[in-house]
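Fold and geometry: a report
Residue strings, one per chain:
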Amino acid sequence: MSTNPYPLGLRLAGRRVVVVGGGAVATRRVPALLDAGADLLLVSPLLTPALQTHVDAGRLRWAARRFVPADLDDAWLVQVAVDDPVAAESVSAAAHERRIFCVRADDRFAASAWTPAVTRSGPVTVAVLGGGDPRRAMQTRDAIRDLLGAGKSPLPTPPVERVAPAGTPDSGDDDSPRPVGRVSLVGAGPGDPELITVKGWRLLTEAEVVVADRLVPGLLLDELRPDVELVDASKIPYGPSRTQEEINEILVDRALAGRTVVRLKGGDPYVFGRGGEEVLACAAAGVPVTVVPGVSSAVAVPAVAGVPVTHRGVAHEFTVVSGHLAPDSPASLVSWPALARLRGTLVILMGLKNLPAIADTLTRNGRDPATPVAVIQEGTTPGQRSLRATLATVAAEVRAAELHPPAIVVVGDVVTTLTPPG
């Protein structure tokens, strides 16, 4: 006789959790475990770029090898994120021997614990178990999310009709052409998962394929249906990355196969997000595209750090530029001398590496060295850090504080507008 699972909220702060596997499933599950404060050990010979970002930031420890039973010593929970049933069973056996609950991505009925479908609304977390049916759990979860966030009908919507891959029993593998799918370029916002737009979230819940950058809020990936194909299109500065041409090919290929594709980007798709290149690639292939603007980090991150990019009587303009190329680079399209002569606010994205040269160029071309500067790392996320300096001191202070990308630099008198005197 089957039994119902016992629902429980695990308080994992400071407790060891082990994730075995470094692929797409781990990429989706790790952010929620980090959000819960778990002391996380990741065991895998290889990692996705998104997981490597967490390692580089010191959010988790990585054992770059295959699993051994001793990895579970002192663990409270283990998540098996591999699709090899033999390897997964070896982890299950080690967990069973140590009486540690084990979640398995390859076979939920062989696991001792299930990961529920989750939605979050402020301090409220709702977890739904569907009796072993992930789709049922997701439909119910989405209905509850609508009810919490927008007051919509709590009735579950019908499942999205799937197009089976060619050659599978349900594909109707005949000569009739399949309808072309669609691509949606969705801005996920600056880092807080609640800052995605309502339309962006709806399209994400309908997606069959999600192509995600490293800067998208990880908790959004945790809420995807288990049958969604997640493609990690991370572009880590100065590290391994997928080329833009590869990403374009993936979008077009999946859409032409009849799939519903979401290209999920941090911030806004068109603000240094190469969304225009992806639209052109899809248009050339006859793939329809929907663009969903996102909350741009250029204004949102300064705002949450107490810096308005404009303020009456202080700044009547703000300029957003990319600092990924040094001011003296022949490839740079930015006129830094002209920017130095402006009186308004200057917002610099992707400029941390070149910040010493940028600050020097601005001051040499007329900007006052005493101009206030704010640098905000990982804005709107739990890892947010910020400092305030001047153009003359900011490079040294950033180096001393060991700030790292992603970070936003704001130059201008607005930096001190909301700072209390003294």
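Refer to the structure printed above.
With respect to topology, five strands assemble into an open sheet ordered 3-2-1-4-5, the strand pairing being parallel. Both outer strands of the open sheet, strand 3 (61–63) and strand 5 (101–104), are each paired with one neighbouring strand and no more. For this sheet, the mean inter-axis angle between neighbouring strands, taken without regard to orientation, is 20°. Strand direction decides the pairing type here: strand 2 (residues 39–43) and strand 3, joined by three bridges, are parallel. Within strand 3, the position partnered with Leu41 by the bridge is Arg61. Contacts from helix 1 (residues 24–35) reach strand 1 (16–20), strand 2 and strand 4 (75–80), with the element oriented near 175° to strand 1.

Moving on, we come to the pattern of salt bridges. Summed over the entire model, instances satisfying the criterion amount to 22 salt bridges. A salt bridge links Asp213 to Arg263, with the shortest nitrogen-to-oxygen separation between them at 2.9 Å. Here Asp213, found in the loop between strand 9 (209–212) and helix 6 (218–222), pairs with Arg263, found in strand 11 (residues 260–265); they are 50 residues apart in sequence, far enough to count as distant. Residue Asp213 is classed as buried on the basis of its relative accessible area, which comes to 17%. The class of Arg263 is buried, set by a relative accessible area of 1%. Linked through salt bridges whose partners overlap, the residues forming this network are Arg29, Arg120, Asp222 and Glu223.

If you trace the backbone, Arg29 turns up in helix 1. For Arg29, a relative accessible area of 15% gives the class buried. If we skip the residues at most four places from it in the chain, Arg29 touches Gln79, Thr115 and Asp222.

For the pair helix 1 and helix 2 (residues 49–56), interaxial distance at closest approach is 9 Å and the crossing angle is 30°. Comparing the axis directions of helix 1 and helix 2 gives the class roughly parallel. With respect to the hand of their crossing, helix 1 and helix 2 are arranged in left-handed fashion. Where helix 1 approaches helix 2, its residues Ala26, Thr27, Val30, Pro31 and Leu34 are matched on the opposing element by Ala50, Leu51 and His54. Broken down by class, the residue content of the contact of helix 1 with helix 2 amounts to six nonpolar, two polar and no charged.

Below, the discussion takes up a nonpolar patch on the surface. On the surface, Tyr6, Leu8 and Leu10 cluster together to form a nonpolar patch covering roughly 410 Å² of accessible area. In this fold, Leu10 is placed in the segment before strand 1.

Quick look at the nonpolar core now. Residues Trp336, Leu346, Ile348, Leu362, Val375, Val394 and Val398 are the most contacted members of the largest nonpolar core, which totals 22 residues. Of all the elements in the fold, those that place two or more residues in this core are helix 10 (336–340), strand 14 (345–349), helix 11 (355–364), strand 15 (372–377), strand 16 (385–390), helix 12 (394–401) and strand 17 (407–411). Once you skip the residues sitting within four places of it in the chain, Leu362 turns out to touch Trp336, Leu339, Ala340, Leu346, Arg367 and Leu391.

A few words on the sheet that holds strand 12 (residues 289–292). Read across the open sheet, the five strands follow the order 10-9-11-8-12; overall the sheet is parallel. At either margin of the open sheet sits one strand with a lone partner, and together these are strand 10 (229–232) and strand 12. The average angle at which neighbouring strand axes cross in this sheet is 15°, direction not considered. Relative to strand 10, strand 9 runs parallel, the two being bridged by four bridges. Across the sheet, Ala212 pairs through a bridge with Asp232, a residue of strand 10.

Reading the values: rules and limits
- Residues numbered from 1 in each chain as written.
- Predicted model: local features only at pLDDT ≥ 70, side-chain atom pairs only at ≥ 80, totals over all residues.
- Heavy atoms only, no water.
- Pairing = 2+ DSSP bridges.
- Helix = DSSP H or I, 4+ residues; strand = E, 2+ residues; numbered from the N terminus.
- Axes fitted to C-alpha atoms, helices over the stretch in contact; angles between N-to-C directions.
- Contact = heavy atoms within 4.5 Å.
- Salt bridge = Lys/Arg side-chain N within 4 Å of Asp/Glu carboxyl O.
- Buried < 20%, exposed > 50% of the residue type's maximum accessible area, 1.4 Å probe, protein only.
- Parallel < 35°, antiparallel > 145°, perpendicular 65-115°, else oblique.
- Left-handed = near helix turned anticlockwise from the far one by under 90°.
- Nonpolar A, V, L, I, M, F, W, Y, C, P; charged D, E, K, R; others polar.
- Patch = residues over 30% accessible without salt bridge, like charges linked within 9 Å, V, L, I, M, F, W, Y side chains within 5 Å.
- Areas by Shrake-Rupley, 256 points an atom, 1.4 Å probe, with all protein chains shown as cover.
- Core = buried A, V, L, I, M, F, W, Y, C linked by side-chain atoms within 4.5 Å.

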